[in-house]
Amino acid sequence: MDAIQGYLLFLAKAVTVVVAALFLVAGLAGAAGGGRGAGQERLVVRRVNDRYRDFERTLRRRMTSPGGWRQRLRALRAPGAARPRRPAGGGRPRIFVLRFHGDLRATQVESLREEVTAVLTQARRDLDRVVLLLESGGDMIPHYGLAAAQIQRLREAGLHVTVTVDRIAASGGYLMAAAGHRIVAAPFAVVGSIGVVAQLPNLHRWLKRRDVDMEVLTAGEYKRTLTLLGRNTPEGRAKLQEELEQAHRLFKDFLARNRPGLDLERVSTGEYWYGEQAVTLGLVDELATSDGLLCDLAAEHDLYEVTWQQRQHLGRRLGGTIGRILERIGAGYP
C-alpha cells in the first residue's frame, strides 16, 4: 500500500513539473510570437468542380493510348471543330461547402463563424445551398451551442443546409447536425448520444489521511456543487444532477423544434446508433457518404469550398492545450 501511495505522490509531482514546464514554454513562445499575428488570417475559396474535372482529365489521360491522343488532337485541329469550353457557372445554383472537425471545446467554431459570415455576403436566398461536412463526438455544451447557432444563421438567411456525417456526430456534434434541414450519414457513422454527463475524481479522503485540509469558500449557496479536492455533500450532488437534467431538457427542446418527427423518449437516452439504425429512428434522413453526395451535386451545381485559415503561433497552441487539460480536470465534462 505504501508503494502505491509513494507512486501516486511521485506521479503527482511529475505532472506538476510537466505542467509548469509547458506553461514556461508557452510563455516564451508567446513572447517570441508576439507581433507576428498580423496577416495570418485569410479566407480560402476553392471551386470543387475544378477538382473533380482535374481527376477526370488525369485519369482519362493515363488511360488513353498515345495513338488515341493523336487522333483527338487531329480532330480538335480540324476546321470547324468544336473546342471544349469550361461550363459557365453564373446562372447555375451554387453550393457552399463548409467543414467542421470538432474537439472537446469546439474550437473550430471561431473559423466557422467567419466562414458563415463570408457565405452570407454572397449567397442568394432560396437558390444557393450549404453543405456542412461534420465530424465531432461533442463535449462542452456552450461551445457546441454556439456552433449550432452559426448553422441557424444560415437557415434564417433562407439557405437550405445539409449536414453530412461520415464518421461521428454524437452529443454536441449531433446538436450541430440537427440545426440543419437534412442529415446525411454514412452507413456505419456513429450518431446520437443525446444526453449530458459530468464526472470528476475526488481526492478529499486521500488528503485527509495525510492531514491536508482543503477549504472551499463560496459566496452563493450553489457556486460550487462538486469539487476535486474538497468534501462533496449530498446537496451539492443533488444540485449538479438538477443542472444536468435541465441541460438535457434544453437539448431535447432544441431537437423537438428542429426535428419534430423524432421520438424523443426513444432516442434521448444517451445511446448512440450507426447510420443504418439512425435512419430507422429518424435521426438521419439518408444514407450516403459526403464524397458521393458532393459528386452528385457537382453535376448541376457550382460547388465552392470556403475555409477560414487562422495560423496560431506555438504559444497559443500550447496555452490552449494546457487550458483544455486543466478545464477538463476541473469541470469533469466529457
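Nothing here was measured: the structure is a model prediction, and the numbers come from that model. (Residues numbered from 1 in each chain as written. Predicted model: local features only at pLDDT ≥ 70, side-chain atom pairs only at ≥ 80, totals over all residues. Heavy atoms only, no water.)

**Comments concerning the overall build of the protein**
And step 1. If you tally the helices and strands in the protein, you get 12 helices and nine strands.
And step 2. For the protein, with 334 residues in total, the buried portion stands at 33%.
And step 3. For the protein, restricting intrachain contacts to residue pairs at least 6 apart in sequence, the fraction spanning at least 24 positions comes to 76%.
And step 4. Here the protein displays about 20300 Å² of accessible surface, and carbon together with sulfur accounts for 55% of that area. (Helix = DSSP H or I, 4+ residues; strand = E, 2+ residues; numbered from the N terminus. Buried < 20%, exposed > 50% of the residue type's maximum accessible area, 1.4 Å probe, protein only. Contact = heavy atoms within 4.5 Å. Areas by Shrake-Rupley, 256 points an atom, 1.4 Å probe, with all protein chains shown as cover.)

**Some words on helix α5 (residues 141–156)**
And step 1. Over its 16 residues, α5 runs 22 Å from end to end, which matches the ideal 22 Å to within 8%, given 1.5 Å per residue.
And step 2. Of all the positions in α5, only Tyr144, Ala147, Ala148, Gln150, Ile151 and Leu154 are classed as buried. Seen from one end, α5 has its buried residues packed into an arc of 145°, which puts them on one side. Across from the buried face of α5, at angles greater than 90 degrees, the exposed residues are Pro142 and Glu156.
And step 3. Those residues of α5 that are buried are in contact with β2 (94–101), α4 (109–122), β3 (129–136), β4 (160–170), α6 (172–178) and α8 (234–258).
And step 4. Immediately downstream of α5, the backbone of Gly158 shows phi near 85°, a positive value. (Expected span 1.5 Å × (residues − 1). Arc of directions from axis to C-beta.)

**Examining the nonpolar core**
And step 1. With 44 residues, the main nonpolar core has Leu98, Phe100, Tyr174, Met176, Leu255 and Leu283 as its most contacted residues.
And step 2. Ranked by size, the runner-up nonpolar core spans 11 residues in total, among them Ile95, Val97, Val131 and Leu133. (Core = buried A, V, L, I, M, F, W, Y, C linked by side-chain atoms within 4.5 Å.)

**Looking at the pattern of salt bridges**
And step 1. Taken as a whole, this structure holds 17 salt bridges when the rule is applied.
And step 2. Connected through salt bridges with shared partners, the residues Arg47, Asp50, Arg53, Arg92 and Asp302 form a single ionic network. (Salt bridge = Lys/Arg side-chain N within 4 Å of Asp/Glu carboxyl O.)

**Some remarks on α8**
And step 1. For α8, spanning 25 residues, the distance from its first C-alpha to its last is 37 Å, which sits close to the expected 36 Å at 1.5 Å a residue.
And step 2. Where α8 is concerned, the buried positions are Gly236, Lys239, Leu240, Leu244, Ala247, His248, Phe251, Lys252, Phe254, Leu255 and Asn258.
And step 3. In this fold, the buried residues of α8 make contact with α5, α6 and α9 (264–267).

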